[in-house]
Amino acid sequence: MNTSTAPLQAGLSGAGGLTDREARRRLERFGPNEIEKPPGPGIPRMFLEQVGDILVLFLIGATLVSVLAGELLDASVILAIVAVNSVIGVVQQYQAQRALEALDELAAPTARVRRRGGWRVIPSRELVPGDIVAVEAGDRVPADMDAIESANLRVDESILTGESVPVEKDARAGNHHLFAGTTVAYGRATGVVTATGMRTRVGRLARTIARSPNEDPPLKKKLNAVGEALAAACLLLVGATLAAGLLRREPLLEMFLTSVSLGVAAVPEGLPAVVTVVLALGTRRMSARNAIVRNLASVETLGSVTVICSDKTGTLTMNEMSVTEMFCGGERFAVSGSGYAPEGQFQPLGRHSGDAPTPAHEPLRTMLLGGLLCSDALLQKEKRGWRVIGDPTEGALVVAAAKAGLRRAECESVYRRVFEIPFDSTRKMMTTIHRTPEMQNGAPRYVSFTKGSPDVVLGRCTSVMLQDSRVRIDPVIRRQLESTVRSMASRALRVLALATREWDGEGWRSGAVEDGLMLVGYFGMIDPPRPEAGPAVAKCRAAGITPVMITGDLVPTAMAVARSIGICAEGEKAVLGSDVGRLSDTALLKVARDARVYAEVSPEHKSRIVQALKQDGHIVAMTGDGVNDAPALKWADIGIAMGVKGTDVAREASDMVLTDDNFATIVTAIEEGRTIYANVRKCIRYLLSCNSGELITVVGAVLAGMGRPLVAAQILWVNLVTDAAPAIALGMEKPEQDTLNARPPDPGQGIFTLGMVVRLLAEGLWIGALSLGTYAFDLYSGGSIAHARSMCFGVLVFMQLFHANNCRSERRSVFESGPFSSIPMVLALAVSALAQLFVMAGPLAPVFGVEQLAAAEWLFVAVVSATIVPVSETIKTVVPVE
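Bear in mind the structure is a predicted one, so any value in this text is a computation, not a measurement. (Residues numbered from 1 in each chain as written. Predicted model: local features only at pLDDT ≥ 70, side-chain atom pairs only at ≥ 80, totals over all residues. Heavy atoms only, no water.)

(A) Seen up close, the overall build of the chain. Of regular secondary structure, the chain possesses 32 helices and 27 strands. In the chain, buried positions account for 55% of the 882 residues. A fraction of 72% describes how many contacts in the chain between residues 6 or more apart in sequence connect residues 24 or more apart. Of the roughly 36,200 Å² of accessible surface on the chain, a fraction of 58% belongs to carbon and sulfur atoms. (Helix = DSSP H or I, 4+ residues; strand = E, 2+ residues; numbered from the N terminus. Buried < 20%, exposed > 50% of the residue type's maximum accessible area, 1.4 Å probe, protein only. Contact = heavy atoms within 4.5 Å. Areas by Shrake-Rupley, 256 points an atom, 1.4 Å probe, with all protein chains shown as cover.)

Encoded structure:
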């Protein structure tokens with residue numbers, strides 16, 4: 001028994017484990033064995049978060065002013081807009097939470113524990129320190145444990161370390177610690193629980209993550225800046241207009257109503273709702289393409305990303321060890337196929353593709369058969385694909401054999417295992433002995449297979465299988481074989497040797513089983529890159545995004561994967577985690593500007609790297625699946641967790657979860673994010689240029705002493721009919737051709753670039769000038785003020801509807817993209833135009849103070865309104881977009 005576990009043994013019922021009474025007492029003391037998740041915000045809090053936006057608060061202020069002015073209709077409509085905006089945001093956030101709850105899986109739902117002298121299966125949450133627990137290959141360790149008995153134990157700790165190779169554990173040695181959430185890859189063990197729940201290594205890390213600060217996403221920051229600017233400008237204009245009217249000795253009540261109308265005209269009531277709808281539509285599209293977004297603004301954040309820090313194991317690679325190269329019979333073979341799917345070919349390197357060997361190729365068949373028989377891993381077909389149960393290295397051998405049609409059940413029925421010498425770290429080998437179907441002089445024949453470290457196995461071999469014959473190993477051949485191993489290792493392949501020996505009768509019982517062997521060949525294996533990772537990295541580079549690999553793996557493995565998928569080029573070097581640890585913040589910032597691969601890093605190193613990149617002005621995305629990735633996921637501007645193989649801790653720390661664990665999905669998300677950002681810019685340009693036109697119309701009339709060109713109800717209707725459907729249709733625009741090839745938005749640049757401001761002011765000036773001109777022309781031509789308002793009302797609305805089509809692209813002409821190519825826009829304009837006609841020519845006309853127009857006047861309204869199209873096209877040509 002390990003001395004470190006001795007204090008926990010109090011309360012044991014002999015060798016039978018804890019008593020029920022003691023287990024209950026410890027459960028009350030230590031609490032359930034589960035990771036505490038921060039409670040999600042309730043619906044009331046979600047609503048408060050939605051209405052806390054500056055623009056929304058400004059709208060609420062406008063509502064109060066409208067109530068004080070007696071404009072109850074205005075107040076009701078504004079409140080309705082705020083409510084719709086809040087409901088959409090809350091529904092989206094709630095749906096994301098529900099989707100993640102459905103995705104969550106308990107790390108170890110049950111555990112086999114010894115209580116009162118017998119073994120029981122209990123929920124893992126009921127484990128307590130001091131419990132004796134049994135685990136075997138394929139099990140997840142349910143709590144932190146110290147092994148007190150073990151047999152050939154190897155544990156996959158990749159979720160903690162990022163290392164894809166299982167770690168050997170031994171109850172008799174110093175490496176007897178097992179950690180919650182890791183997976184037993186090989187062998188079995190009995191251990192005593194040392195820590196549960198938040199006291200485990202995973203739990204302590206989760207507590208650290210929960211204390212990490214949350215920052216507002218870039219879009220929210222930029223929209224807040226827009227809201228602040230609009231609020232300041234609106235208050236200034238309202239105050240100036242009110243003062244100008246009073247100086248002209250206008251009636252106080254009339255000027256107050258005019259100022260309220262001006263405030264309503266200045267505020268883009270639909271902007272918060274439109275942005276929310278645009279983001280919600282984006283999250284729906286993302287969900288259909290295997291990405292769950294936990295909050296709306298995270299979609300746009302991806303579009304602003306300038307650096308993606310990606311874990312290697314399970315993110316850029318399959319997290320499935322695969323045989324990719326073999327040496328046998330004196331030849332090298334490339335093994336195709338990916339992951340654990342038993343599909344692939346064995347192509348001799350240096351031969352014509354038509355010369356691919358058949359499974360009957362003797363050296364190849366012997367190699368594959370021996371690898372299968374001298375292993376204990378199982379290959380199973382599941383709903384999500386193929387799965388290996390057992391050691392990943394042995395799993396790679398089983399999959400390679402399956403690609404040649406060799407299945408365990410069939411082969412073991414012919415070659416029955418009769419004896420084995422398990423692997424251990426001293427011998428670095430494993431041997432199995434099998435009875436063959438052949439007989440010699442009435443006695444059965446046997447064959448043994450030995451696999452292990454290349455240098456150790458080669459030292460036990462006296463001959464080698466070259467082609468179909470047995471050749472004695474001389475110094476020259478030995479050097480050639482050693483050179484082959486070095487060549488394979490230089491390509492970051494993990495090399496495993498296989499040897500065999502035939503036995504007449506039961507001579508193997510003599511004890512010299514692992515001597516006098518014949519080398520069959522070498523397996524070269526690696527956790528292969530995902531097939532889509534290379535193209536995804538290339539797309540990131542084309543999009544102006546720098547991909548960076550951060551992994552706990554050794555340098556050769558990390559660099560091999562990074563070079564193969566294009567993250568770095570030949571000659572570039574990796575930065576070691578030890579270097580990250582010793583560098584100051586300033587020095588690390590300088591290193592991070594050029595580094596593309598970090599190897600042998602710890603979780604603390606990952607967080608420092610992310611923080612250095614953010615300090616350098618980057619918008620950083622971090623992808624990962626393991627517990628070791630969670631702190632960096634939390635620190636990043638957007639954390640992206642893997643949903644299939646990712647841990648609960650990683651998902652809780654993330655902003656977005658990929659349900660297919662596919663790195664290429666991130667590229668899709670980037671394109672979606674950029675499309676959304678571009679569409680939000682289009683909406684803002686459209687809404688603010690239109691509202692500028694309304695401001696110019698109202699302010700110009702007041703300053704010229706022409707009264708109010710529109711009453712408050714008409715102004716609110718203009719905003720409602722033009723801001724809602726057309727703006728949402730702009731938010732549904734498809735990606736433009738160069739969306740992914742353009743540079744990402746400058747993190748330090750706001751939405752209001754110089755080019756955008758010039759465009760929207762020029763367009764707003766044209767809309768306002770022609771609307772005000774129409775009002776003045778009709779008024780001074782003898783028309784009543786009600787008739788002049790009606791003409792102005794029609795021009796202002798229909799000019800904005802024409803303008804909506806102009807705003808579909810910041811670069812391309814509306815005629816190039818096609819004025820009828822967007823079905824949502826066609827429908828939006830049709831609905832808005834019909835609604836305007838219904839108000840101006842229908843039964844609601846008296847409610848809005850509208851007089852009927854003659855046919856010639858309608859023609860005048862249409863012609864004047866259409867002039868915005870050539871004006872906007874000219875502005876696109878003259879004023880460049882940043």
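(B) Representation of the environment of L720 within the structure. Examined against the element boundaries, L720 turns out to sit in helix α25 (residues 712-723). Judged by relative accessible area, L720 falls into the partly exposed class, the value being 34%. Sequence-wise, L720 and S832 are 112 residues apart; in three dimensions their C-alpha atoms are separated by 9.2 Å.

(C) Representation of the pattern of salt bridges within the structure. Counted under the stated rule, the structure contains 33 salt bridges. The closest approach of N and O atoms between E325 and R332, which form a salt bridge, is 3.1 Å. For E325, a relative accessible area of 7% puts it in the buried group. You can call R332 partly exposed: its relative accessible area is 35%. (Salt bridge = Lys/Arg side-chain N within 4 Å of Asp/Glu carboxyl O.)

(D) Focus on the side chain of S375. Within the fold, S375 resides in the loop between α12 (362-373) and β13 (378-382). Using a relative accessible area of 0% as the deciding quantity, one classes S375 as buried. With sequence-adjacent residues up to four places away left out, S375 is seen in contact with E394, V398, R408, R417 and K451.

(E) Seen up close, the packing of aromatic side chains. If you walk through the whole model with that rule in mind, you get four aromatic pairs. Where F798 meets W858, the ring centres are 6.3 Å apart and the plane angle is 85°; that geometry is what we call edge-to-face. Of this pair, F798 sits in helix α28 (residues 785-806) while W858 sits in helix α31 (residues 855-866), and the two are 60 residues apart along the sequence. Under the relative-accessibility criterion, F798 is labelled buried at 13%. The class of W858 is partly exposed, set by a relative accessible area of 23%. (Phe/Tyr/Trp six-rings, centres within 6.5 Å; stacked < 30°, edge-to-face > 60°.)

(F) Inspection of the confidence of the model for the chain at higher detail. In this model, the chain carries an average pLDDT of 81, and 81% of its residues clear a pLDDT of 70 or more. In this model, residues 3-14 is a region of pLDDT below 50 whose contacts with residues beyond four sequence positions or in other chains number 29 contacts. (pLDDT = per-residue confidence, 0-100.)

(G) Expanded view of the packing of helix α27 (residues 754-780) against α28. Packing of α27 against α28 brings their axes to within 8 Å, and their N-to-C directions diverge by 155°. Taken together, α27 and α28 sit at an angle that is classed as roughly antiparallel. The handedness of the crossing between α27 and α28 comes out as right-handed. Contact with α27, carried on its side by E763, W766, I767, L770, S771, T774, Y775, D778 and L779, involves I785, H787, A788, R789, M791, C792, V795, L796, M799 and H803 of α28 and no other residues of that element. (Axes fitted to C-alpha atoms, helices over the stretch in contact; angles between N-to-C directions. Parallel < 35°, antiparallel > 145°, perpendicular 65-115°, else oblique. Left-handed = near helix turned anticlockwise from the far one by under 90°.)

(H) Expanded view of unusual backbone geometry. The backbone of N290 sits at a positive phi, close to 75°, despite the residue not being glycine. One can find N290 in the loop between α9 (270-288) and β8 (291-293). At A492, a residue that is not glycine, the phi angle is positive and equals roughly 65°. Mapped onto the elements, A492 comes out in the loop between α16 (475-490) and β20 (494-504).

(I) Fine view of the side chain of K614. Residue position: K614 is located in helix α21 (residues 603-615). A distance of 2.9 Å separates a polar atom in the side chain of K614 from the backbone oxygen of W635. (Polar contact = N/O pair within 3.5 Å; in protein donor to acceptor, adjacent residues only side chain to side chain.)

(J) Broad picture of a nonpolar patch on the surface. A cluster of nonpolar residues, F838, L844 and V847, forms a patch on the protein surface that exposes about 270 Å² of accessible area. Here V847 shows up in the loop between α30 (823-841) and α31. Judged by relative accessible area, which is 56%, V847 ranks as exposed. (Patch = residues over 30% accessible without salt bridge, like charges linked within 9 Å, V, L, I, M, F, W, Y side chains within 5 Å.)

(K) Looking closely at α31. The first and last C-alpha atoms of α31 sit 17 Å apart over twelve residues, in line with the 16 Å expected at 1.5 Å per residue. Looking only at α31, the buried set comprises V861, V864 and S865. The buried residues of α31 occupy an angular sector of 100° when projected down its axis, which confines them to one face. With respect to the buried face of α31, the exposed residues turned more than 90 degrees away are A855, A856, L859 and V863. Looking at the packing, one finds that the buried side of α31 touches α27, α28 and α32 (868-878). (Expected span 1.5 Å × (residues − 1). Arc of directions from axis to C-beta.)

(L) Local environment of the nonpolar core. Core analysis: the biggest nonpolar cluster contains 97 residues, and I308, V597, M656 and F793 have the highest contact counts within it. The element that contributes the greatest number of residues to this core is helix α24 (residues 663-703), accounting for 16 residues. (Core = buried A, V, L, I, M, F, W, Y, C linked by side-chain atoms within 4.5 Å.)

(M) Quick look at the pairing of strand β26 (residues 638-642). Of all five residues in β26, five are buried, a share of seventy percent or more. Residues I638, I640 and M642 line one face of β26 and the alternating positions G639 and A641 line the opposite face, and both faces are buried. Across four bridges, the pairing between strand β25 (residues 620-624) and β26 is parallel. Paired with T623 across the two strands is I640, which belongs to β26. (Pairing = 2+ DSSP bridges.)

(N) Representation of the sheet that holds β8 within the structure. Taken together, eight strands build an open sheet; the order of strands is β8-β27-β26-β25-β9-β22-β24-β23 and the sheet is mixed. Edge positions in the sheet fall to β8 and β23 (575-576), since each of these pairs with one other strand and no more. Here four bridges tie strand β9 (residues 307-310) to strand β22 (residues 546-550), and the two strands are oriented parallel to one another. Within the sheet, the bridge partner assigned to V307 lies in β22 and is T546. The strands that α24 touches are β8, β9, β25, β26 and β27 (656-658); relative to β9, the one it contacts most, it runs at about 160°.

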